[in-house]
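# Working through the structure, step by step
Below, each chain spelled out in residue letters.
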Protein chains: 2
Amino acid sequence: MVETLLLGRWAEDRRISRRLVLDPALHKTEGLGTIEHRARAFEQLQILVDAGAIQRPYPRELGGQDNHGGNLAAFEEITTADPSLQIKAGVQWGLFGSAVHHLGTARNHEEFLPGIIGFDVPGCFAMTETGHGSDVQNIATSATYDPATKEFVVHTPFRGAWKDYIGNAALHGKAAVVFAKLVTQGVDHGVHAFYVPLRDDDGAFLPGVGGEDDGVKGGLNGIDNGRLHFDHVRIPRTNLLNRYGDVAEDGTYSSPIDSPGRRFFTMLGTLVQGRVSLDGAAVVAQKIGLQIALTYAMQRRQFPTAGGVEGVLLDYGRHQRRLIPRLATVFAQSFAHEQLLRTFDDVFSGRADTPERREDLETQAAAFKSLSTWSALDTLQECREACGGAGFLAENRLTSLRADLDVYVTFEGDNTVLLQLVGKRLLTDFRKRAPRDAASTAKFVAAQVGVKLADASGIRRLGQTVADRGSLAASVTDLHDPATQRALLAGRVDTMVTEIGLRLNTAGKDRARQAVLLNRSQHELIEAARAHAELMQWDAFTEALAAVPEGDTRRVLVWLRDLFALGLLEQHLDWHLVHGRLSAQRARAVSASIDRLVARLRPVVPQLIETFGYEPGHVRAPIALGEEQARQDEARAWFAAEAAAGRLPEQEKKPRA
Amino acid sequence: MVETLLLGRWAEDRRISRRLVLDPALHKTEGLGTIEHRARAFEQLQILVDAGAIQRPYPRELGGQDNHGGNLAAFEEITTADPSLQIKAGVQWGLFGSAVHHLGTARNHEEFLPGIIGFDVPGCFAMTETGHGSDVQNIATSATYDPATKEFVVHTPFRGAWKDYIGNAALHGKAAVVFAKLVTQGVDHGVHAFYVPLRDDDGAFLPGVGGEDDGVKGGLNGIDNGRLHFDHVRIPRTNLLNRYGDVAEDGTYSSPIDSPGRRFFTMLGTLVQGRVSLDGAAVVAQKIGLQIALTYAMQRRQFPTAGGVEGVLLDYGRHQRRLIPRLATVFAQSFAHEQLLRTFDDVFSGRADTPERREDLETQAAAFKSLSTWSALDTLQECREACGGAGFLAENRLTSLRADLDVYVTFEGDNTVLLQLVGKRLLTDFRKRAPRDAASTAKFVAAQVGVKLADASGIRRLGQTVADRGSLAASVTDLHDPATQRALLAGRVDTMVTEIGLRLNTAGKDRARQAVLLNRSQHELIEAARAHAELMQWDAFTEALAAVPEGDTRRVLVWLRDLFALGLLEQHLDWHLVHGRLSAQRARAVSASIDRLVARLRPVVPQLIETFGYEPGHVRAPIALGEEQARQDEARAWFAAEAAAGRLPEQEKKPRA
């Protein structure tokens, strides 16, 4: 039941992918040298092609299935095999192929997609430059149209404009989708994408193309990231991926989107699937990590407890606090990701491709990807520490997964930048509802600032007054009420955005002053965006509960959802106190309530892990596959036998004082 | 001035070590295979011996200098070259050699130390077992005395008792100090240390000895960690390191310490230098990391700002918030470490080897090591993310340092376990001052619980009442008062410990109930220990300021100390609010004040980094050595030249609405 819920709408695609990645040929070999790991990942991509694992998103006429959501669901599960394999496949089909698919037209598809889909043409997605990462709009590579030869001339003007961190660039890429400023008839029309051949069949760079290897990285060393530069490289006019902008033979530029800004963001918007899939991959990696650490924690014993027997790690209060709340978080993220996948599929299937839905997609992707990828690093690290020295061994996978996922927090949009985008969207919404004249603003401010806010902003309907309610038990019950939880989470977002919005309004139309104030509020704005993302995760969890009938299962899931909510309240307790949303007494109840929920969930941890549906071939860490239990059993048996045989030495007596 | 302050009492030892590690032969080669990295680290150890870099702590009669503090200071600086080199040297001389030195007597020293110091006998410190890490008292390897042959028989009874994660065990170790339960005349006298030969000159295991390789790890792959097991291995009676326990030829056990418990902790106490040095190494790694990320942040430009020019990263509000408070923390940790080193030297030089000073040493080492090693992971990760894709490249060192330092948080005592030790010591202190009869306890409780506490516990002398003071400015001034800062930090520790202590008291003499309550309070107790450690760091910073004369330098250092203090208040703001120590209004002032301090410190960041005293040969990351500045300069020059020549294309105009 819960397993099906977690598998989501594309359960079958996930199952097929999970079966496929049980193949040891697809698994990461820990400790492989960079050269060997790159070669292995390259060969693994062909296995994926041969298994029909990567064709889902492409058009039916080119052997695909037009299955966008299912494609990402299947793709995310590859993380369990090797994140390098996942990302290398993502470079080839999710970025390189997807750019041709979504930024190109039928002409481009026919010419380029078959080679990409079949992996005859391993390729690159050459967007980022050494000098510009998340700020794509300011890259400096140019593609200038020459009507005399009907070619574009792709050129790198200086070192900072080299394409950098590009997967497949160091070794395997035969071609690239290169992002460059399109210049024709002396006008710069902004960033467009061009198909540029890179290497000949022997792997040598074509004339004018150059590059270098990015070398060893903090993780993902199965991917040959590198740099590329172009010295007046000529490509046919038709190598422009021309869905959103085209140049006629005579050099005339045309586009279905008039505004250069909107055109740019529309083009970038088609590439959102990278973010969506990273969100899913981060959830998968956390499930694997938690399954390893929690299984070990239920078998490993350390330090004698009151009864003289050594305690199982997960029975220690601190250990429960370290791992069980993170289990609740990964459930929330899993449900949130499922919503994101549905939004993505709605838009990309064309079933509901509206500007509003696209905007939802952008916001959800930016918000969820940021939170889940950061959470993955935090969770995997906590798991590794919770397993002590065993957690540090590569064979137990936790350090390896963490190292590979590290870059997820800054690529496909740096999390800090993405949350700012979310924050700015929240500010835009605020401006639509904020008063504009001074008198109403004053009233608005008075209502929002200080302790009075608690009464003025609708919190009263939660049944809480600022004063203590007198009874600890009563307040705990309230905190378990979803309406209370939501009001607290949503109220925080609203107030944070309002505070920042009003501050920015004081600048009036002075743009320089606005910029200064925005920069001063940057830290807060990002925190507001995070709060918004957390609220959306809570919503997703709560909506998922709607599908679960009353009973034990539902009860456990509600505990998990409550633990997630209370965890958020505890993290931001200072804010709720300062803003008069929680009294000191109720605030104390938050931590006490978390302790109780964690203890209540402790006995069902095995069942909760089981709902992930992963097999030993996905988990693979020896400490999570019975190795530790066998050692514990052997040790106990040995002590029992020695004691029975009277062979145990006496303990030295403490001397009498 | 500040540089001298940071270098501390053993400045000269640090300087000598820093000069030595400029030798590229000692530097980590990123991306080296495990086999090659192990071989390289092995050879590097001989370089250290030949340079006289490791002899400092040993007795003068054996070529040493009896210089304990200086030894660790010099040793910590090796982290800049390669943490694997540092830890492999630590295994040989800080653990293996040090165990013989401090647990052995002259007889052991003469026989074993020359080979260890000269590196003719690479060796292991075989304490941890697969089944027991931080809980050393319950290891299961035994050494049973056989009076017939005057030998100890070292034996591993089951798989869980294999020695594990042992440096030098997989490959290079020719001998080991093995920790085992000493059994003689049918009595188990607890854990003692034995010198056990492992391998012959060809590197083959001696009869009865076996083992295996731990394989690839999450970091520190220059060290050949492995497992060892013993099948009735016989060693001479005199291979017992017999300072704290000896066995006569007839099998009679004797010890200068009667209590087995105290004997065990005394023996372990001699091995504290590992923790002390990890604390120092974590500080060194953070200085390198921050120097890299802050240098890059002052050169790297991204996103156009109000003036149209791209902004330098460190001028963005969020970026300042990410890095500058961590700079303040590393100053605090640096001063705290210097105090720890002095305590360590006082005890180990015998100059002030009292039980109280030993206890201080244990507490400081456990507290500071835990906080600084966790902080190192956090800081290095933030630095890596702040450098984006460039931060993920191994050449820029941040991921590499982080991976290598990962295990510092669980080895030489798991941080969670260490903080519990600190917490238990705090509870012991509490019990000495807590009332024992019911009436006084009731009064004590009334005074401690709820809002009233703010008045009852001496906080009133800070000049704050629970009510708002009416003026934000006034409260900010107060928060910059060191007496206020200390009272808030210290008051938190006292109250947390009191709350836990009173709760445990309710169990009376019921030991099972006590254990249950202690386990329920485990999470809080660890947080209390952390709070205590933070207070000690704050004290160290403030004491260091006493040596700085009035003037600009002092002013900047005071800002840094204030930033450290306010950062701690902000982290625990919820606690201070719930306990009525800070009003909502003053709590708001904390964050505002941090923002102001961070902005004030921004211009002096270059000077602050300079006080670390590291040279390019220590930093080595290309992005921190001018590479980025050169790229920025080139790009600007190119744009200027193109503009001057009229070669820049026009921008496409936005269509009129």
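Residues numbered from 1 in each chain as written. Chains lettered and ligands numbered in written order. Predicted model: local features only at pLDDT ≥ 70, side-chain atom pairs only at ≥ 80, totals over all residues. Heavy atoms only, no water.

## Notes on the overall build of chain A
As a reminder, the rule being used: Numbering of helices and strands runs from the N terminus; a helix is a DSSP stretch of H or I covering at least four residues, while a strand is a stretch of E covering at least two. Each radius of gyration is computed over the set of C-alpha atoms, and the globule rule expresses the reference value as 2.2 Å times the number of residues to the power 0.38. Throughout this description, buried means an accessible area under 20% of the type-specific maximum (1.4 Å probe, protein chains only), exposed means over 50%, and partly exposed covers the range between. Counting rule for charge: Lys and Arg are taken as positive, Asp and Glu as negative, and neither His nor the chain ends is counted. Here the site of a charge means NZ on Lys, CZ on Arg, CG on Asp, or CD on Glu.
A count of helical and extended segments in chain A gives 25 helices and 14 strands. Here the C-alpha atoms of chain A give a radius of gyration of 28 Å, agreeing with the 26 Å that 2.2 N^0.38 yields for 657 residues. Expressed as lengths along the three principal axes of its C-alpha atoms, the size of chain A is roughly 100 × 75 × 50 Å. Residue burial in chain A is summarised as follows: out of 657 residues, 61% are buried. For chain A, the distance from the average site of its 76 positive side-chain charges to the average site of its 82 negative ones is 7 Å.

## Focus: the packing of helix α2 (residues 11-20) of chain B against helix α4 (residues 68-77) of chain B
Residue and element names in this part refer to chain B. For clarity, the cut-off: In this analysis an axis means a line fitted to C-alpha atoms, helices contributing only their contacting stretch, and an angle means the value between N-to-C directions, from 0 to 180 degrees. By the definition adopted for this analysis, an angle is roughly parallel if under 35 degrees, roughly antiparallel if over 145, roughly perpendicular if from 65 to 115, and oblique otherwise. Take the far helix as the reference: if the near one is turned anticlockwise from it by less than a right angle, the crossing is left-handed, and if turned clockwise, right-handed. The contact criterion used throughout is that any non-hydrogen atoms of two residues lie within 4.5 Å.
Two elements in contact, α2 and α4, have axes whose closest approach is 8 Å; the angle formed by their N-to-C orientations is 30°. Here α2 lies roughly parallel to α4, going by the angle between them. α4 is crossed by α2, and the crossing has right-handed handedness. Contact with α2, carried on its side by Asp13, Arg14, Ser17 and Arg18, involves Gly70, Ala73, Ala74, Glu76 and Glu77 of α4 and no other residues of that element.

## Some points on the packing of helix α8 (residues 273-297) of chain A against helix α10 (residues 355-386) of chain A
Residue and element names in this part refer to chain A. So the rule is basically this: Charged residues are taken to be Asp, Glu, Lys and Arg, nonpolar residues to be Ala, Val, Leu, Ile, Met, Phe, Trp, Tyr, Cys and Pro, and polar residues to be all remaining types, Gly included.
In contact at an axis separation of 8 Å, α8 and α10 are set at 25° when each is read in the N-to-C sense. Overall, the two elements α8 and α10 adopt an arrangement that is roughly parallel. Regarding α8 and α10, the two cross each other, and that crossing is left-handed. Class assignment of the residues belonging to the contact of α8 with α10 gives a composition of 14 nonpolar, six polar and four charged.

## Details of the relation of the copies chain A and chain B
Rules: We place the copies in one frame by least squares, fitting the C-alpha atoms of every residue whose pLDDT is at least 70 in both.
Turning chain A through 180° and shifting it by 0.0 Å along the axis lays it on chain B, with an RMSD of 0.0 Å. The superposition operator between the copies reduces to a two-fold rotation axis. Using C-alpha coordinates, one finds that chain A approaches the rotation axis most closely at A:Asp574, a distance of 2.0 Å. When the interface residues of chain A are mapped onto chain B, 98% of them again fall at the interface, so both copies present the same face.

## Section: unusual backbone geometry
Here A:Phe303, not a glycine, exhibits a phi torsion of approximately 65°, which is positive. You can call A:Phe303 partly exposed: its relative accessible area is 29%. With a phi angle near 50°, B:Gln185 is a residue other than glycine that sits in the positive phi range. When you line up the elements, B:Gln185 lands in the loop between β5 (175-184) and β6 (187-197).

## Here's the deal with the domain arrangement of chain A
Residues and elements named next belong to chain A. Convention followed: Each domain's limits were defined by an automated method or a database of domain assignments. The term salt bridge refers to a pairing of a side-chain nitrogen on Lys or Arg with a carboxyl oxygen on Asp or Glu at a separation within 4 Å.
Domain assignment breaks chain A into domain 1 (2-117), domain 2 (123-256) and domain 3 (273-609). Here domain 2 and domain 3 have C-alpha centroids that lie 39 Å from each other. Contact with domain 2, which involves four residues of that partner, is made by eight residues of domain 3. On the surface where domain 2 and domain 3 come into contact, there are zero salt bridges.

## Regarding the sheet that holds strand β7 (residues 209-213) of chain B
All names here are of chain B. As a reminder, the rule being used: Strands are labelled as partners when DSSP assigns at least two bridges between them.
Strand order in the open sheet made by the three strands is β4-β8-β7, with antiparallel pairing throughout. Where the open sheet ends on each side, the last strands, each with one partner, are β4 (163-166) and β7. When strand polarity is set aside, the average angle formed by the axes of neighbouring strands in this sheet is 25°. Bridge count for β7 against strand β8 (residues 226-230) is five bridges, and the pairing is antiparallel. Considered in β8, the bridge of Gly211 is made with Leu228.

## What to know about the UniProt feature "domain: Acyl-CoA oxidase C-terminal" (unreviewed entry) in chain A
Counted only if it meets this: UniProt positions are given in the numbering used here, feature names are shortened, and annotations may be inferred rather than shown by experiment.
Mapped onto this numbering, the UniProt entry gives "domain: Acyl-CoA oxidase C-terminal" (unreviewed entry) at residues 483-620 of chain A. Across residues 483-620 of chain A one finds 80% helix and 0% strand; the C-alpha atoms that close the span lie 41 Å apart.

## A few points about the sheet that holds strand β8 (residues 226-230) of chain A
Residue and element names in this part refer to chain A. Taken together, the three strands give an open sheet; going across it, the order is β4-β8-β7, and neighbouring strands pair in antiparallel fashion. What marks the edges here is a single partner per strand, and that holds for β4 (163-166) and β7 (209-213). Averaged over all pairs of adjacent strands, the angle between strand axes in this sheet comes to 25°, irrespective of strand direction.

## Some points on the packing of aromatic side chains
Put simply, the rule is: Stacked, edge-to-face and tilted are the three classes for Phe, Tyr and Trp ring pairs, Trp counted by its six-membered ring, which pair at centre distances within 6.5 Å; planes under 30 degrees apart are stacked, over 60 edge-to-face, the rest tilted. A ring has a charge above it when a Lys NZ or an Arg CZ is no more than 6 Å from the ring centre and no more than 35 degrees off the ring normal.
Counting across every chain of the model gives 32 aromatic pairs over all chains. For the pair B:Phe331 and B:Phe612, a centre-to-centre distance of 5.8 Å together with 40° between the ring planes defines the contact as tilted. Within this pair, whereas B:Phe331 is found in helix α9 (residues 317-348), its partner B:Phe612 is found in the loop between α23 (605-610) and α24 (616-619), the two being separated by 281 residues in sequence. The burial state of B:Phe331 is the same as that of B:Phe612; both residues are buried. Through a chain of ring-to-ring contacts, three or more aromatic side chains come together here, namely A:Phe331, A:Phe335, A:Phe541 and A:Phe612. Of note, A:Arg159 hangs over the ring of A:Trp162, and the distance from its end group to the ring centre comes to 4.3 Å. Looking at B:Arg358, its charged tip hangs above the ring of B:Phe348, at a distance of 6.0 Å from the centre.

## Section: the interface of chain A and chain B
We apply this condition: Once two parts are put together, the accessible area they lose, assessed with a 1.4 Å probe and summed over both, is termed the buried area. Two N or O atoms form a polar contact when they lie within 3.5 Å of each other; inside protein one atom must be a possible hydrogen donor and the other a possible acceptor, and for residues adjacent in sequence the pair counts only when both atoms belong to side chains.
The interface is formed by 97 residues belonging to chain A together with 95 residues belonging to chain B. Taken together, both faces of the contact between chain A and chain B bury some 7,900 Å²; the carbon and sulfur share is 55%. Three residues stand out in chain A for area buried against chain B, namely A:Arg318, A:Phe392 and A:Glu652, and they jointly supply 11% of the buried area on that side. Among the ionic pairs, A:Asp406 bridges to B:Arg384, the shortest N-O distance being 2.9 Å. Counting every contact that joins chain A to chain B gives 60 residue pairs in polar contact (both at pLDDT 80 or more). Considered class by class, the residues forming the side of chain A that touches chain B number 35 nonpolar, 28 polar and 34 charged. Two strands pair when backbone bridges link them, and strand β6 (residues 187-197) of chain A and strand β14 (residues 650-651) of chain B are joined in this way by two bridges, in the parallel orientation.

## Let's talk about the UniProt feature "domain: Acyl-CoA dehydrogenase/oxidase N-terminal" (unreviewed entry) in chain A
Those residues carrying the UniProt feature "domain: Acyl-CoA dehydrogenase/oxidase N-terminal" (unreviewed entry) are residues 43-117 of chain A in this numbering. For residues 43-117 of chain A, helix accounts for 68% and strand for 0%, while the C-alpha atoms at its two ends are 15 Å apart.

## Description of helix α19 (residues 522-545) of chain B
Note the cut-off: Every helix has an expected span of 1.5 Å times one less than the residues it contains.
In this model, α19(B) (24 residues) spans 35 Å end to end at C-alpha, consistent with the 34 Å of a helix rising 1.5 Å per residue. Counting buried residues along α19(B), 20 of its 24 residues qualify, which places the element largely inside the surrounding structure.

## Details of the pairing of β8(B)
All names here are of chain B. In terms of residue burial, β8 counts as a mostly covered element, since four of its five residues are buried. Relative to β8, β4 runs antiparallel, the two sharing two bridges. Across the sheet, residue Lys163 finds its bridge partner in β8, namely Leu228.

## A look at the pattern of salt bridges
For side chains of opposite charge, pairing can occur when their charged atoms come near one another. With the rule as written, the count across this model stands at 93 salt bridges over all chains. Between B:Glu212 and B:Arg227 there is a salt bridge; the shortest N-O distance is 2.7 Å. Placement of B:Glu212 in strand β7 and of B:Arg227 in strand β8 is noted, with a sequence separation of 15 residues between them. The exposure class of B:Arg227 is buried, given its relative accessible area of 8%. One continuous salt-bridge network, built from bridges that share partners, spans A:Asp164, A:Glu212, A:Asp214, A:Arg227 and B:Glu395.

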